[in-house]
Amino acid sequence: YSLILFITGVLMSCGAPNAKFLSAVEKLEEIIKKSEQELQMADTSKIGNYLRISNENLKFIQDNFKDTIGKETAILFSDYSASKKSLKMFLENYNDVMKELSYSKTQLYSMKTDIDNNLMPEDKFTDYYSSESKSVEKLQELVQNLVQWYDSALKMYEAKSPAVEKIISQLKQNHRI
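Residues numbered from 1 in each chain as written. Predicted model: local features only at pLDDT ≥ 70, side-chain atom pairs only at ≥ 80, totals over all residues. Heavy atoms only, no water.

(A) How the structure looks around the pattern of salt bridges. All chains considered together, the criterion is met by seven salt bridges. One salt bridge connects K112 with E26, and the closest N-O pair in it is separated by 3.6 Å. Here the residue K112 occupies a position in helix α3 (residues 71-116), and E26 occupies one in helix α1 (residues 2-40), the gap between them amounting to 86 residues. Its relative accessible area of 39% is what places E26 among the partly exposed residues. Here E56 and R52 are joined by a salt bridge, their closest N and O atoms 3.1 Å apart. Linking E56 with R52, this pair stays in helix α2 (residues 44-64), spanning four residues, or about one helical turn. (Salt bridge = Lys/Arg side-chain N within 4 Å of Asp/Glu carboxyl O. Helix = DSSP H or I, 4+ residues; strand = E, 2+ residues; numbered from the N terminus. Buried < 20%, exposed > 50% of the residue type's maximum accessible area, 1.4 Å probe, protein only.)

Below you can see the structure in the form of structure tokens.
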């Protein structure tokens, strides 16, 4: 009977660190999942559509606006061009961060698998967890910044677009394009 208690005690003590390790990794997975969901709220098709329209508009302006322009119009075109650049940079960063989130999920899954299979000694877990924890924290911050950038890029484009569209419409009317 005492042998059974001893074995049960050993198994329970072996299981405790694994449960603690798994719980810690699962918390990181939850952070990654929430960050990924936040980032996926960004409407990349809308950004892509705005980017396409702004490319077409800026090309039209470049090809057809031959007159000297006033300071206000020059500033408007400059701001509109900056909004296009911001949209483009957002999409590039969005894709990069999504890849990083996916990589982090894979790393965390591998850690859990190693823990489940008793392949993760405590000292190794501490090292790996510390590294992954820092990575997750940086990704969480990147996602927050990207979500703010998304809002800012949309607002900038949407604020400048109507005035640019009006100028293009006038150009088309004046030149019967």
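Alright, that's what it looks like, and here's the rest.
(B) Fine view of the nonpolar core. The biggest cluster of nonpolar side chains holds 41 residues, and the ones touching the most others in it are L39, F90, L101 and F125. Those elements that provide at least two residues to this core are α1, α2, α3 and α4 (122-175). Setting aside chain neighbours within four positions, we find L39 in contact with Y94, V97, M98, L101, V143, L146 and V147. (Core = buried A, V, L, I, M, F, W, Y, C linked by side-chain atoms within 4.5 Å. Contact = heavy atoms within 4.5 Å.)

(C) Unusual backbone geometry, seen in detail. One non-glycine residue, N118, lies in the positive phi region at around 55°. Among the secondary structure elements, N118 is positioned in the loop between α3 and α4. Residue N118 is classed as exposed on the basis of its relative accessible area, which comes to 58%.

(D) Just the packing of α2 against α3, in detail. Orientation of α2 relative to α3, taken along the N-to-C sense of each, is 145°, at an axis distance of 9 Å. The chirality of how α2 crosses α3 is left-handed. Residues T44, I47, G48, Y50, L51, I53, S54, N55, N57, L58 and I61 of α2 touch α3, and the partners they reach there are F77, Y80, S81, K84, L87, K88, F90, L91 and Y94. A breakdown of the residues in the contact of α2 with α3 according to their chemical character gives twelve nonpolar, six polar and two charged. (Axes fitted to C-alpha atoms, helices over the stretch in contact; angles between N-to-C directions. Left-handed = near helix turned anticlockwise from the far one by under 90°. Nonpolar A, V, L, I, M, F, W, Y, C, P; charged D, E, K, R; others polar.)

(E) The packing of α3 against α4, seen in detail. Look at α3 against α4: their axes get within 7 Å of each other, and the N-to-C directions meet at 155°. When the axes of α3 and α4 are compared, the pair comes out roughly antiparallel. Regarding α3 and α4, the two cross each other, and that crossing is left-handed. (Parallel < 35°, antiparallel > 145°, perpendicular 65-115°, else oblique.)

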